[in-house]
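So you can see what is in the structure, the chains are spelled out below.
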Amino acid sequence: MIATESSTATKPTTTFGTQLSPHMFIGRYSGGQWQTPEIMPYQNINIAPTNLALHYGQSVFEGMKAFRMKDGNVSVFRMKKHHERFNRTMERMCIPPLSYDYFANGIKELVALDESSVPAENGSSLYIRPFVFATDESFGVKVSDTYAFIIFTGPVAALYGKPVKVKVETEYTRAAEGGTGAVKCAGNYAAALYPTFLAKQDGYDQLLWTDSKNHEFIEESGTMNVMFVINDTLVTPALSGTILDGVTRSSLIQVAQDLGYRVQQRKISFHELIAASADGSLTEAFGAGTAAVISSISVINILGKDYTLPATDENSLSIKLRDQLEAIRRGDIADQHNWNTIVPANR
Ligand SMILES: Cc1ncc(COP(=O)(O)O)c(C=O)c1O
């Protein structure tokens, strides 16, 4: 079991996902409704060997963040959008929905209780992991009648690591039309592990998935949407039903538009990337997701050839967008789209 944070510690370690806050939230579904939830010290839970989620994958999750604001309070980022996506995922996995209040009050209470785990350094945050899984005990394939909804949190440091090298995947498929690519179900991540493992053996950090039919159009990366700057325009694959509607993606699009940049959501073929790299119009590529916020891409491997991108600096659009988003979350500038849910500090 990974260590839980002492309530006085606010300095997260640099390895993502290794520190926990002291408490967790648990709500159970039985008899056709979500029961009164409770908050308890973080602890192990009992799972029967016949637990349906372990065998047939009725297991879904969200990944969210809370930030220490400059006035000392805490802001939880885009709670409504995460809740909507959680319910879309649950519907696709045949799991009963959660009301906004059940979801949001659970997060607010937990964050308030473990508020001292929210770090303050620039780029750091409290990661929030709500998840739901089937709890029926049966080894026949069926829709579970009972579920557990758990939330735990943990401080995470800024992940402004070195730029990543990505490989365009043209053999394996992450998601096909009509499948589950647009939702956050556990099985999507398991299915991505082996192709990603192969790419790592070849020296790449992540994959850029492509469409399942032609393996030509760029979709997204492991746990990030992908964005490019081509001819000074922010370009990102349109939501096609096979990629996740990322909260960071949607926020960066909005921030870019607010700052007056051109944004295009459309199909992007790897042939376009090759041409734009050759004529110099492709100036930036980056992943966008809750965990890393923005992860610069330095190399894109397409059909065995590496295409190298220029290094980013403070004039790069990706860095401007990252800093603007951070400023909104920390209350340094106005939250004009009402993205922050404020949890007052326990002073
Ligand atoms: C497959 C996938 N795509 C994109 C993202 C980025 O989404 P978000 O910005 O909501 O974290 C994630 C992370 O949640 C993901 O798992």
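Thresholds, definitions, all that
Note on numbering: residues in each chain are counted from 1, in written sequence order. Owing to the predicted nature of the model, reporting of local features is limited to residues with pLDDT of at least 70; listing and counting of side-chain atom pairs is limited to 80 or more, with chain, interface and lining totals taken over all residues. With hydrogens and water stripped out, all remaining heavy atoms of the structure feed into the side-chain values. UniProt positions are given in the numbering used here, feature names are shortened, and annotations may be inferred rather than shown by experiment. Joining through side-chain atoms within 4.5 Å is the link that ties buried Ala, Val, Leu, Ile, Met, Phe, Trp, Tyr and Cys residues into a set, and such a set is a nonpolar core. Buried means the residue's accessible area, taken with a 1.4 Å probe over protein chains only, is under 20% of the maximum for its type, while exposed means over 50%, and partly exposed covers the values in between. Any pair of residues with heavy atoms lying within 4.5 Å of one another is described as a contacting pair. By the criteria applied, helices consist of DSSP H or I runs no shorter than four residues and strands consist of E runs no shorter than two, each listed in order from the N terminus. Salt bridges are identified by distance alone: a Lys or Arg side-chain nitrogen within 4 Å of an Asp or Glu carboxyl oxygen. Working definition: rings of Phe, Tyr and Trp (its six-membered ring) pair if their centres are within 6.5 Å, and the pair is stacked with planes under 30 degrees apart, edge-to-face with planes over 60 apart, and tilted otherwise. Criterion for a charge above a ring: Lys NZ or Arg CZ within 6 Å of the ring centre, and within 35 degrees of the ring normal. pLDDT gives the predictor's per-residue confidence on a scale running from 0 to 100.

- An unreviewed UniProt entry lists the protein chain under the name branched-chain-amino-acid transaminase, from Pedobacter westerhofensis.
- Per UniProt, the comment on the protein chain under Sequence similarities (unreviewed entry) is "Belongs to the class-IV pyridoxal-phosphate-dependent aminotransferase family."
- UniProt's Cofactor (unreviewed entry) comment on the protein chain is quoted here verbatim: "pyridoxal 5'-phosphate".

What to know about the nonpolar core
So, step 1. In terms of nonpolar packing, the biggest core is built from 41 residues, with Ile107, Val132 and Phe149 touching the most fellow members.
So, step 2. Beyond its immediate sequence surroundings of up to four residues, Phe149 is in contact with Phe25, Ile26, Gly27, Trp34, Phe86, Leu98, Tyr102, Phe103, Pro130, Phe131 and Val132.
So, step 3. Residues Val166, Val168, Phe270 and Ile302 belong to the second largest nonpolar core, which totals 20 residues.

Examining unusual backbone geometry
Both trends apply: most residues other than glycine have a negative phi, and most peptide bonds are in trans.
So, step 1. The residue Cys94 is not glycine, and still its phi comes out positive at about 65 degrees.
So, step 2. For Cys94, the location among the structural elements is in the loop between α2 (79–92) and α3 (100–113).
So, step 3. Of note, the phi angle at Asn231 is positive, near 50 degrees, even though the residue is not glycine.
So, step 4. Tracing the chain through its elements places Asn231 in the loop between β12 (225–230) and β13 (233–237).

Digging into the pattern of salt bridges
So, step 1. Throughout the structure, instances matching the rule amount to 12 salt bridges.
So, step 2. Its salt-bridge partner being Lys142, residue Asp136 comes within 2.5 Å of it at the nearest N-O pair.
So, step 3. The buried category is assigned to Asp136, whose relative accessible area is 10%.
So, step 4. Accessibility expressed as a relative area gives 36% for Lys142, which makes it partly exposed.
So, step 5. The closest approach of N and O atoms between Lys167 and Asp202, which form a salt bridge, is 3.9 Å. Here the residue Lys167 occupies a position in strand β9 (residues 164–168), and Asp202 occupies one in the loop between α4 (186–201) and β10 (206–210), the gap between them amounting to 35 residues.
So, step 6. Taken together, the salt bridges that share partners define one network made up of Lys81, Arg88 and Asp245.

What to know about the packing of aromatic side chains
The relative placement of two aromatic rings is captured by the distance of their centres and the angle of their planes.
So, step 1. With the rule as written, the count across this model stands at 17 aromatic pairs.
So, step 2. Relative to Phe149, the ring of Tyr102 lies with its centre 6.2 Å away and its plane at 35 degrees, an arrangement referred to as tilted. One end of the pair, Tyr102, is in helix α3; the other, Phe149, is in strand β8 (residues 147–156), with 47 residues separating them in the sequence.
So, step 3. The exposure class of Phe149 is buried, given its relative accessible area of 0%.
So, step 4. When the centroid spacing of 5.9 Å and the interplanar angle of 15 degrees are considered together, the rings of Phe131 and Phe133 count as stacked. The two residues Phe131 and Phe133 agree in class, both being buried.
So, step 5. These aromatic residues form a ring-pair network of at least three members: Phe25, Tyr29, Trp34, Phe86, Tyr102, Phe103, Tyr147 and Phe149.
So, step 6. The side chain of Lys80 reaches across the aromatic face of Tyr100, ending 4.6 Å from its centre.
So, step 7. Of note, Arg329 hangs over the ring of Phe77, and the distance from its end group to the ring centre comes to 4.2 Å.

Re the confidence of the model for the protein chain
So, step 1. This prediction gives the protein chain a mean pLDDT of 95; 96% of its residues lie at or above 70.
So, step 2. In this model, residues 5–9 is a region of pLDDT below 50 whose contacts with residues beyond four sequence positions or in other chains number 10 contacts.

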